[in-house]
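Architecture and fold: a report
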Amino acid sequence: MQRSFRLDVPHLCSAVCRHLPKTMPLFRIYNHFGEELKRFASEDFSSTISVGRSSSCDVSLKAVADTTISREHFVLEKQGPAWRITNNSNFGLYKNAEKFEEGSVRDGDVIRFGQYFLCVGANCGPSPYDITWDVPTNNPERRAALWPGTNSIGASADNYVTVRTDDVSRIHGLIHVEGDKVSYQNMFQSNRSTVNAQEVGEEPVKVKVGDEITMADTTVHLVSGVRISKIVASSTGKQGGRSHNALNEAALQNVLNPKASITWPMLVSVLAFGAVFAIVAYMLLSLL
């Protein structure tokens, strides 16, 4: 008489999967020049991460922030497998040049807060392009990075690129970056803009490195960007005797170099997972 048995395959697989390594989001913070200032992995914290100018924030920007950053500017909160961001500042949050109060964050998202940028994911960061200009402004370097997606440009500090001159409108135009493709369009029909002396309307016009964009009488240039890191050690919190900054470095290496993060427990888990599937397959075949 053949022995019958019941195998709870979903429960068995779930138990094994709980011990397998999981990929956690990596966050980076940049200034408007495209210089990396902070990086942190979500696994370094609990289910919420506060970010702001205050030294009491989980990620403090006290050493690098200007007045466009609030004491607690925003909070990242884990909800199930996803993360959400909530604005706690009068300055707000922006994504693709549109203001929002809260929403989910996904790999590849670029979120502007003040004159700083939160990039989600190990491969997310500023685009390869910068905007430069020759006229004197309150930006001494006369340069700003462009970001994947939509970048607003104008005289207001609420823009991704601020070029404060008398003739540039508050929000003069939009610069779209999709991979290696860049285009410019007027924000409003009344704004006067040209690309290489050709008038631009509200329809996007392609722009390449070396081209000149003239907003009213102010000319800016699309150039290749130079990216550097100015990471500042965290001024808050310790975990097991290691600073968040040290943990962030380790987390970054694990994301960028997966081979470096393989440990014996992980290898054993993977082998055990394979063994379970082999046993399950054998048992199922024996029932046929």
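Structure: above.
Below is a summary of the structure that appears in this document. (Residues numbered from 1 in each chain as written. Predicted model: local features only at pLDDT ≥ 70, side-chain atom pairs only at ≥ 80, totals over all residues. Heavy atoms only, no water.)

**Comments concerning the pairing of strand β11 (residues 116-120)**
- For β11, the tally of buried residues reaches five of five residues, placing the bulk of the element in the interior.
- Along β11, one buried face is formed by Y116, L118 and V120 and the opposite face, lined by F117 and C119, is buried too.
- In the sheet, strand β1 (residues 26-31) pairs with β11 via five bridges, with the strands oriented antiparallel. Bridging from a neighbouring strand, R28 pairs with C119 of β11.
- Adjacent in sequence and paired antiparallel, strand β10 (residues 110-113) and β11 are bridged by two residues, among which G114 carries a positive phi angle near 60°. (Buried < 20%, exposed > 50% of the residue type's maximum accessible area, 1.4 Å probe, protein only. Helix = DSSP H or I, 4+ residues; strand = E, 2+ residues; numbered from the N terminus. Pairing = 2+ DSSP bridges.)

**Things to note about the environment of E212**
- Relative to the helices and strands, E212 is located in strand β21 (residues 212-215).
- Since its relative accessible area comes to 36%, E212 is described here as partly exposed.
- Once residues within four sequence positions are removed from consideration, E212 is found in contact with T194, V195, N196, T219, V220 and H221. (Contact = heavy atoms within 4.5 Å.)

**Focus: the sheet that holds strand β6 (residues 82-87)**
- Overall, mixed pairing links the five strands, which are arranged β4-β3-β5-β6-β9 in an open sheet. The open sheet terminates on both sides in strands that have one partner only, identified here as β4 (59-60) and β9 (102-105).
- By the bridge criterion, six bridges tie strand β5 (residues 74-79) to β6 in an arrangement that is antiparallel. Note on β6: the bridge partner recorded for V75 is T86.

**Some remarks on the packing of aromatic side chains**
- Here the structure, examined in full by the defined rule, presents eight aromatic pairs.
- Measuring from ring centre to ring centre gives 4.1 Å for F117 and W147, while their planes differ by 20°; the resulting arrangement is stacked. One end of the pair, F117, is in strand β11; the other, W147, is in the loop between β13 (143-145) and β14 (149-154), with 30 residues separating them in the sequence. We note that F117, like W147, is buried.
- Taken together, the aromatic side chains of F27, F40, F45 and W83 make up a single cluster linked through ring pairs.
- The lysine or arginine in question, R112, covers the ring of Y94, its NZ or CZ lying 4.1 Å from the ring centre. (Phe/Tyr/Trp six-rings, centres within 6.5 Å; stacked < 30°, edge-to-face > 60°. Lys NZ or Arg CZ within 6 Å of the ring centre and 35° of its normal.)

**Things to note about the nonpolar core**
- F40, L76, I85, F113 and L118 are the most contacted members of the largest nonpolar core, which totals 22 residues.
- Elements with a minimum of two residues in this core: β1, β2 (36-41), β3 (48-52), β5, β6, β10 and β11.
- Here this core gets three residues from one element, more than from any other, and that element is β11.
- Those residues in contact with F113, other than ones at most four positions away along the chain, are I29, L61, I69, H73, F74, G92, L93 and L118.
- With 21 residues, the next largest nonpolar core counts I175, V195, V200 and I213 among its residues. (Core = buried A, V, L, I, M, F, W, Y, C linked by side-chain atoms within 4.5 Å.)

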